[in-house]
Amino acid sequence: MIEPPTDLTVPRGSSDTVRRILSAALRRLLGDLGSLPLARASRPVARATHAVLRATRAELSREPGRVFGALRRPNVGTAVRVLRDLDDPARIDAVAAQLACTLAVELAVAGAELPPLSFPRGPARVVCLGGRFVLPGGSARLQAGRWTAAGTAIDLAAAARGDAAVERPFSPIEGDLVLALADDNPLAMLEAHPDKSGNAVALGDRAPEAWCDALRGALAVIETHLPLVREEAALVLHQVVPVGFDAHQHLSASYREAIGTIYLTLHPRQMTMAEAVIHELSHNELNALFELDPVLHNAFSPLFTSPVRPDPRPLHGVLLAVHAFLPVAELYRRMIEAQAPGSDHPDFRRRYATVVRQNREGVAVLREHAEPTEVGRGLLDEIARLDASFDDVARD
């Protein structure tokens, strides 16, 4: 049981709430490894995956930090969360094969001593986020720290140091956050937004460094005015996947299963990028909470008008929107209070007022219709308190 959160929307004093939720979500993920639907996988894939899970349990008894570190990687955690909910044998086979290879490689790169492991039906490519490289897949073998596939043997320690010839589709942004041009999320092309059709990797004819510069600028704005939110971004986010350039609108996405990954289009306005990072970070944090508690008893039916989407949304979607846009409103408020450059421009003030108004509409929908769990009540109380703090803006 997780304590009802009181500062998951805008942190107060520390990032402890997000840390606790992430830790509990990781413990749940570890438990999920023991209940994956491998009985419905093909025999070769089930055998290979069970062998990796046995090696993972052995490593857990020796160095639990290595196992939890691997599970934190979105390329591992996403595969586990997708796999646990599948019932189609073909999809189970594909995702289990991906998980087995990815988890084994991440553990090996982290220094785990694994037994020889064979993967007769691996994915075409194996993404190692911990080492920031991609390996050839297919039929493969891992033994004594060497990955053998497609007729090539690769020393994983050398690959992690940068001393081996492997594909390196990652560009550093800040800290451990990278721009990822390789994405193995099995759900990436499933899209809930009516104005998009999936999240295929695309730089939009911009160089990776242009993306990284824009994201560094957005993170700098957040760090200056919402330093605890920036601290949470460092805790939660591992990779940004680029999905094109658009000078007129900004579209972004997160997946409940892919905690640690955000999908963004590139936009020329720094504030738009800062908004998008905060928005998708908030989704990631709420998705971690959903790993532990449903939050709303009536989350997915019926549908209601959303203040920020053209299509009717379940209360789950309304909650996601309000939870994401309240910290955006807080960013605008603090920038105005600090007299940040550009904050006195009429467009800046109009955007601030629009976000506050949309939040007010969403909070009204939640207040009237939501049936929260005990955990959800804590979150909704926080949201109501934050929304009320913008009363002077809402009246203007």
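Residues numbered from 1 in each chain as written. Predicted model: local features only at pLDDT ≥ 70, side-chain atom pairs only at ≥ 80, totals over all residues. Heavy atoms only, no water.

Chemist: Explanation requested: the overall build of the protein chain in the structure shown.
Modeler: Scanning the protein chain from N- to C-terminus turns up 13 helices and 13 strands. Its C-alpha radius of gyration of 22 Å places the protein chain within 12% of the 21 Å reference for a compact globule of 396 residues. C-alpha extents for the protein chain along the principal axes are approximately 65 × 45 × 40 Å. Counting over 396 residues, the protein chain shows a buried share of 57%. Taking the intrachain contacts of the protein chain between residues at least 6 apart in sequence as the baseline, contacts between residues at least 24 apart amount to 66%. Carbon and sulfur atoms make up 50% of the accessible area of the protein chain, which totals about 16,700 Å². Side chains of the protein chain carry 43 positive and 49 negative charges; the gap between the two charge centres is 5 Å. (Helix = DSSP H or I, 4+ residues; strand = E, 2+ residues; numbered from the N terminus. Rg over C-alpha atoms; globule rule 2.2 N^0.38 Å. Buried < 20%, exposed > 50% of the residue type's maximum accessible area, 1.4 Å probe, protein only. Contact = heavy atoms within 4.5 Å. Areas by Shrake-Rupley, 256 points an atom, 1.4 Å probe, with all protein chains shown as cover. Lys, Arg positive; Asp, Glu negative; His and termini not counted. Charge placed at Lys NZ, Arg CZ, Asp CG, Glu CD.)

Chemist: I tried to follow the sheet that holds strand β8 (residues 177-180) on my own but got confused; where do I start?
Modeler: Note: strands within a sheet are paired through backbone hydrogen bonds, in either parallel or antiparallel orientation. If you walk across this open sheet you meet the five strands as β7-β8-β9-β11-β10, and the pairing is mixed. Because the sheet does not close on itself, it has two edges, and the strands there are β7 (170-174) and β10 (252-253). Where β8 lies against strand β9 (residues 239-245), two bridges are found, and the strand directions are parallel. Bridge pairing in β9 places Val 178 opposite Gln 239. Its contacts with the sheet place helix α7 (residues 208-225) against β7, β8, β9 and β11 (261-266), and it is angled at close to 20 degrees to β7. (Pairing = 2+ DSSP bridges. Axes fitted to C-alpha atoms, helices over the stretch in contact; angles between N-to-C directions.)

Chemist: I would appreciate a short explanation of the pattern of salt bridges in the present structure.
Modeler: It is possible for side chains of opposite charge to pair when their charged atoms get near one another. Under the defined criterion, the tally for this structure stands at 24 salt bridges. Of the charged contacts in the structure, one is a salt bridge between Arg 334 and Glu 330, with a shortest N-O distance of 2.8 Å. Of this pair, Arg 334 and Glu 330 both sit in helix α10 (residues 315-337), four residues apart, which is roughly one turn of that helix. Judged by relative accessible area, Glu 330 falls into the buried class, the value being 9%. For the salt bridge of Asp 381 with Arg 377, the shortest nitrogen-to-oxygen distance reads 3.4 Å. Of this pair, Asp 381 and Arg 377 both sit in helix α12 (residues 374-388), four residues apart, roughly one helical turn. In the salt-bridge network here, residues are joined through shared partners; they are Arg 28, Asp 32, Arg 81, Arg 84, Asp 85 and Glu 291. (Salt bridge = Lys/Arg side-chain N within 4 Å of Asp/Glu carboxyl O.)

Chemist: Looking at this model, I keep getting lost on the packing of aromatic side chains. Mind explaining?
Modeler: How two aromatic rings sit relative to each other is set out by the distance from centre to centre and by the angle between their planes. Using the criterion set out here, one finds five aromatic pairs in the structure. Seen from their ring centres, Phe 119 and Trp 147 are 5.5 Å apart, and the 35 degrees between their planes marks the pair as tilted. With a gap of 28 residues between them, Phe 119 in strand β1 (residues 117-119) and Trp 147 in strand β5 (residues 146-149) connect regions that are remote in the sequence. Here Phe 119 and Trp 147 have matching classes, each one buried. Plain terms: the ring middles of Tyr 255 and Tyr 263 are 5.5 Å apart, the flat faces sit at 80 degrees to each other, and that makes the pair edge-to-face. (Phe/Tyr/Trp six-rings, centres within 6.5 Å; stacked < 30°, edge-to-face > 60°.)

Chemist: Just to check I follow, could you spell out helix α5 (residues 89-109) for this structure?
Modeler: In an α-helix, one turn spans 3.6 residues, which is why side chains three or four residues apart end up on the same side. Under the 1.5 Å per step criterion, the end-to-end length of α5 is 30 Å for 21 residues, consistent within 8% with the ideal 30 Å. Burial runs high along α5: 16 of the 21 residues are buried. (Expected span 1.5 Å × (residues − 1).)

Chemist: Sorry, what's going on with the pairing of strand β2 (residues 125-128) here?
Modeler: On a regular strand, one side chain projects to one face of the sheet and the next to the other, so that they alternate. Pairing of β2 with strand β3 (residues 133-136) involves four bridges; the strand directions are antiparallel. Residue pairing in the sheet places Arg 125 in a bridge with Pro 136 of β3. Taken together, β2 and the strand that follows it, β3, pair antiparallel across an intervening segment of four residues, in which Arg 132 is found at a positive phi of about 60 degrees.

Chemist: Please clarify how the sheet that holds strand β4 (residues 140-143) should be interpreted in this entry.
Modeler: An order of β1-β4-β5-β6 is seen for the four strands of this open sheet, with the pairing classed as antiparallel. Unpaired on one side and paired on the other, β1 and β6 (152-155) mark the two borders of the sheet. Averaged over all neighbouring strand pairs, the angle between strand axes comes to 15 degrees, with direction disregarded. Where β5 and β6 come together, four bridges link them in antiparallel fashion. Among the inter-strand pairings, Ala 149 is bridged to a residue of β6, identified as Thr 152. Its contacts with the sheet put α5 on β1, β4 and β5, and the angle it makes with β1 is roughly 145 degrees.

Chemist: Would you mind going over the state of the cysteines with me for this structure?
Modeler: By definition, a disulfide links the sulfur atoms of two cysteine residues through a covalent bond. Enumeration according to the criterion identifies zero disulfides in this entry. No disulfide involves Cys 101; its nearest neighbouring cysteine sulfur is the one of Cys 128, lying 12 Å away. Residue classification places Cys 101 among the buried positions, given a relative accessible area of 1%. Here Cys 212 stays free of any disulfide, with the sulfur of Cys 128 as its closest cysteine sulfur at 19 Å. Judged by its relative accessible area of 0%, Cys 212 falls in the buried class. (Disulfide = S-S within 2.5 Å.)

Chemist: What is the right way to read the nonpolar core from this model?
Modeler: For soluble globular proteins, nonpolar side chains are generally found buried alongside one another. The biggest cluster of nonpolar side chains holds 72 residues, and the ones touching the most others in it are Leu 289 and Leu 319. Among the elements that line this core, the one with the most residues is α10, at 13 residues. For Leu 319, the contacting residues outside a window of four places in its chain are Leu 286, Phe 290, Val 295, Leu 296, Leu 366, Leu 379, Leu 380 and Ile 383. By size, the runner-up hydrophobic cluster in this structure holds 67 residues, among which are Ala 100, Val 105, Leu 117 and Trp 147. (Core = buried A, V, L, I, M, F, W, Y, C linked by side-chain atoms within 4.5 Å.)

Chemist: Honestly, the packing of helix α4 (residues 74-84) against α5 in this entry has me stumped. Any pointers?
Modeler: The description of two packed helices rests on the angle between their axes and on the distance between the axes. Their axes nearest at 9 Å, the elements α4 and α5 cross at an angle of 150 degrees. Taken as axis vectors, α4 and α5 run roughly antiparallel relative to one another. As α4 runs across α5, the sense of the crossing is left-handed. Taking contact as the criterion, the partners of Asn 75, Val 76, Ala 79, Val 80, Val 82 and Leu 83 in α4 are, on α5, Arg 91, Ile 92, Val 95, Ala 96, Gln 98, Leu 99, Thr 102, Leu 103 and Glu 106. Classifying every residue of the contact of α4 with α5 by side-chain character gives 10 nonpolar, three polar and two charged. (Parallel < 35°, antiparallel > 145°, perpendicular 65-115°, else oblique. Left-handed = near helix turned anticlockwise from the far one by under 90°. Nonpolar A, V, L, I, M, F, W, Y, C, P; charged D, E, K, R; others polar.)

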